[in-house]
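Coordinate inspection notes
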Amino acid sequence: MRFITTLFLFGVTLFTACDDGGDSGLADGPGAYKADYRTSSAFFTQMAGRVLGNSPHGTSQIWYSSNIKSLVANTSFDVPVGTTAIKEFDMDDDGNLDGLAVMFKKDAGFDPTHGDWHYEMRGTSGDLMPDPAPGAIPMCVGCHTASAGTDYLAGTELR
Ligand code: HEC
């Protein structure tokens, strides 16, 4: 009996420890691309300029919505609904921006097996690209799944 109780308590502890998303106490994010992300206090960047990352996008600078400022230094976390990430990328590193990759977290159920993230591509002036069609874009999801431990955000360690 004691063994079963211990097992039960362990399970509860494990469940509580993993469930740090909804109970994080953090505010929801904007849940959409915002054109003033560079100057708005609703966003922050940890990068002084564009740096070379590990994605097909070459050099980039990433902005996250400010509601997750206290989370991104952690090695494992879940973010609240509406959390938004905007990545400016310069594919060929010639100093000219080539586009914006955007992702934001939708309500639970949008794409439950992949963290409920919406993905979209935008042009240099923020115009939404029709192709690939915005949503749970399989190509984006496929690669970001490697970062499931940080709730599908792949660039939080870049500086
Ligand atoms: C081959 C892997 C791969 C694919 C495909 C990919 N990404 Fe990423 N993405 C990354 C990596 C790695 C980063 C971290 C920054 C870097 O290294 O450039 C990243 C960063 C980002 C970020 C910044 C937020 C963050 O920390 O993750 C956004 C936004 C983003 N990607 C959107 C997209 C969108 C939209 C698509 C699909 C059109 C896409 N990505 C496809 C690998 C990928």
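Not measured: the values here are computed from a predicted model. (Residues numbered from 1 in each chain as written. Predicted model: local features only at pLDDT ≥ 70, side-chain atom pairs only at ≥ 80, totals over all residues.)

What follows deals with the environment of S125. Assignment of secondary structure puts S125 in the loop between β6 (117-122) and α2 (138-144). With 9 C-beta atoms packed within 10 Å, S125 lands in the exposed category. Taking the C-alpha atoms as reference, S125 lies 8.6 Å from A35; in sequence the two are 90 residues apart. (Helix = DSSP H or I, 4+ residues; strand = E, 2+ residues; numbered from the N terminus. Buried ≥ 20, exposed ≤ 12 C-beta atoms within 10 Å, placed from the backbone.)

With that out of the way, let us pick up the site of the ligand. If you check the shell around the ligand, you find 26 residues, and the closest are G53, S55, C140, C143 and G155. Those elements that place two or more of their residues in the shell around the ligand are β3 (59-65), β4 (84-90), β5 (99-105), β6 and α2. With four residues, the top contributor of residues to the shell around the ligand is α2. The residue makeup of the shell around the ligand, split by class, is 16 nonpolar, eight polar and two charged. (Near = placed C-beta within 6 Å. Nonpolar A, V, L, I, M, F, W, Y, C, P; charged D, E, K, R; others polar.)

Before going further, it helps to examine the nonpolar core. W63, Y64, I68, A85, I86, V102 and M103 are the most contacted members of the largest nonpolar core, which totals 22 residues. Sequence-distant contacts of I68, that is, excluding residues within four places in its chain, are made with L26, V79 and T83. (Core = buried A, V, L, I, M, F, W, Y, C linked by C-beta atoms within 7 Å. Contact = placed C-beta atoms within 7 Å.)

As a further point, take the pairing of β3. Two faces belong to every sheet, and in a regular strand the side chains alternate between them. Most of β3 sits inside the fold, with six of its seven residues counted as buried. With three bridges joining them, strand β1 (residues 43-45) and β3 adopt antiparallel strand pairing. Paired with T45 across the strands is W63, a residue of β3. Pairing analysis gives two bridges linking strand β2 (residues 51-52) to β3, with the strands arranged antiparallel. Paired with L52 across the two strands is T59, which belongs to β3. (Pairing = 2+ DSSP bridges.)

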